[in-house]
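What follows is the residue order along each chain.
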Amino acid sequence: MFKRRFRLPSPALVISMVTLSLVLGGTAFAASTATHKDKKADTKLIKKLAPTLSVKHASTADSATNATNATNATHATSADSATNATNATNATNATNATNATNATNATNATNATTASSPGTLASGKTETGALHAIAPQGSGSGFLGSQISYPFALSAAPTVHVVTSPTTQCPGSEASPTATSGNLCVYQGTLIGGGSTLSTEFVTPFGAGVYMTTSAGSGYALFEATWAVTG
């Protein structure tokens, strides 16, 4: 049998393999050690442009945690100024707000923890209330009285009318008391143990006194009435 003889590679093949190895090794070395020659220039450019970069204001934002100025915001946790806000947990200044903890000026407020009271009742606004007084009758003639205190003072003392039926100044009733501007209307109801009508005294911008004369007897004296005053 013939033995297989292995031929040594030719000098040309050896030279080619060595050359290829050097080329590939040099590429890997260059890739691992190469640096960006313009790194300093890029950093300088970024620093130069950074102050001029900004995000535009949003006219409408569905959800925002903090917004300094927003025209319309559906939900905002905190907003310094907002023209219209549907739901806001905290609002420093709000044109329209359902609930406000502190409000300097509010035309209509559903719930307000702190609200300044008006100095006087506004012109054309009406306040109403009820009166009830009861006491034993004395051995002789006496008086049974009560008082009206307005929740909000008037700018001037009103003209008083004690009525049992509607009039021009007092067009309402005991069940639905009303009064025209500048008038206090006392709608007389039940009277027991006394005269046939109520009387008034001490009429001021803050309230008035109402009383009836009682008669002698062993029972009790009573009167009931409602009132309305309009600024």
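Predicted model, so just to flag it, every value in this text is computed and none were measured. (Residues numbered from 1 in each chain as written. Predicted model: local features only at pLDDT ≥ 70, side-chain atom pairs only at ≥ 80, totals over all residues. Heavy atoms only, no water.)

1. Focus: the overall build of the protein
Part 1: A tally of regular secondary structure across the protein gives two helices and 10 strands.
Part 2: Listed N to C, the secondary structure of the protein is α-α-β-β-β-β-β-β-β-β-β-β in terms of helices and strands.
Part 3: Each of the 231 residues in the protein was classed as buried or not, and the buried ones make up 21%.
Part 4: Excluding contacts between residues fewer than 6 apart, the proportion of contacts in the protein whose partners are at least 24 apart in sequence is 56%.
Part 5: In the form shown here, the protein has an accessible surface area of approximately 16,700 Å², with 55% of it arising from carbon and sulfur atoms. (Helix = DSSP H or I, 4+ residues; strand = E, 2+ residues; numbered from the N terminus. Buried < 20%, exposed > 50% of the residue type's maximum accessible area, 1.4 Å probe, protein only. Contact = heavy atoms within 4.5 Å. Areas by Shrake-Rupley, 256 points an atom, 1.4 Å probe, with all protein chains shown as cover.)

2. Observations regarding the nonpolar core
Generally speaking, soluble globular proteins have nonpolar side chains that are buried together.
Part 1: Core analysis: the biggest nonpolar cluster contains 18 residues, and Ile148, Leu184, Phe223 and Trp227 have the highest contact counts within it.
Part 2: Of all the secondary-structure elements, those providing two or more residues to this core are β4 (126-136), β5 (142-149), β7 (183-192), β9 (207-214) and β10 (220-230).
Part 3: Grouped together as the second largest cluster of nonpolar side chains are six residues, Val163, Cys170, Ala179 and Ala228 included. (Core = buried A, V, L, I, M, F, W, Y, C linked by side-chain atoms within 4.5 Å.)

3. Some details on the environment of Glu174
Part 1: Examined against the element boundaries, Glu174 turns out to sit in the loop between β6 (159-163) and β7.
Part 2: Relative accessible area serves as the criterion here: at 35%, Glu174 is assigned to the partly exposed category.
Part 3: Separated by 50 residues in sequence, Glu174 and Glu224 have C-alpha atoms that sit 9.5 Å apart.
Part 4: In this view, Glu174 contacts Tyr187, Gln188, Gly189, Glu224 and Thr226; residues no more than four positions away in its chain are not counted.

4. Notes on the sheet that holds β5
Strand pairing in a sheet takes place through backbone hydrogen bonds and is either antiparallel or parallel in direction.
Part 1: Read across the open sheet, the three strands follow the order β5-β9-β8; overall the sheet is antiparallel. Unpaired on one side and paired on the other, β5 and β8 (199-204) mark the two borders of the sheet. Looking at each pair of strands side by side, their axes are set apart by 20 degrees on average, direction ignored.
Part 2: Note that β5 and β9 share eight bridges and pair antiparallel. Opposite Ser146, over in β9, you have Val210 as the bridge partner. (Pairing = 2+ DSSP bridges. Axes fitted to C-alpha atoms, helices over the stretch in contact; angles between N-to-C directions.)

5. Structural notes on the sheet that holds β6
Part 1: On the basis of which strands lie adjacent, the open sheet formed by four strands has the order β4-β10-β7-β6 and mixed pairing. Looking at the sheet topology across the chains shown, the edges are occupied by β4 and β6. Strand-to-strand twist across the sheet, computed as the mean angle between neighbouring axes with direction ignored, equals 20 degrees.

6. Regarding the packing of aromatic side chains
Part 1: Scanning the entire structure with this criterion turns up two aromatic pairs.
Part 2: Look at Phe143 and Tyr211: their rings are 5.8 Å apart centre to centre, the planes differ by 70 degrees, and that puts the pair in the edge-to-face class. In this pair, Phe143 sits in strand β5 while Tyr211 sits in strand β9, placing the two residues 68 residues apart along the sequence.
Part 3: Residue classification places Tyr211 among the partly exposed positions, given a relative accessible area of 22%. (Phe/Tyr/Trp six-rings, centres within 6.5 Å; stacked < 30°, edge-to-face > 60°.)

7. Focus on the confidence of the model for the protein
Part 1: With 53% of its residues at a pLDDT of at least 70, the protein reaches an overall mean of 76.
Part 2: Per-element mean pLDDT across the protein ranges from 51 in helix α1 (residues 11-33) up to 98 in β6.
Part 3: Predicted confidence for residues 27-34 stays below pLDDT 50, and this span has zero contacts to residues more than four positions away or in other chains. (pLDDT = per-residue confidence, 0-100.)

8. Points about a nonpolar patch on the surface
Part 1: Taken together, the side chains of Ile134, Ile192 and Tyr220 define a hydrophobic patch exposed on the protein surface, amounting to about 270 Å² of accessible area.
Part 2: On the secondary structure map, Ile134 appears in strand β4. (Patch = residues over 30% accessible without salt bridge, like charges linked within 9 Å, V, L, I, M, F, W, Y side chains within 5 Å. Salt bridge = Lys/Arg side-chain N within 4 Å of Asp/Glu carboxyl O.)

9. Thoughts on the side chain of Thr230
Part 1: Checked against the element boundaries, Thr230 lands in strand β10.
Part 2: Looking at Thr230, its side chain comes within polar contact range of the side chain of Thr126, at 2.8 Å. (Polar contact = N/O pair within 3.5 Å; in protein donor to acceptor, adjacent residues only side chain to side chain.)

10. What about the environment of Gly219?
Part 1: Looking at the element boundaries, Gly219 is found in the loop between β9 and β10.
Part 2: For Gly219, a relative accessible area of 34% corresponds to the partly exposed category.
Part 3: Spatially, the C-alpha atoms of Gly219 and Gly193 are 7.4 Å apart, while their sequence positions differ by 26 residues.
Part 4: The contact partners of Gly219, leaving out residues within four places of it in the chain, are Pro136 and Gln137.

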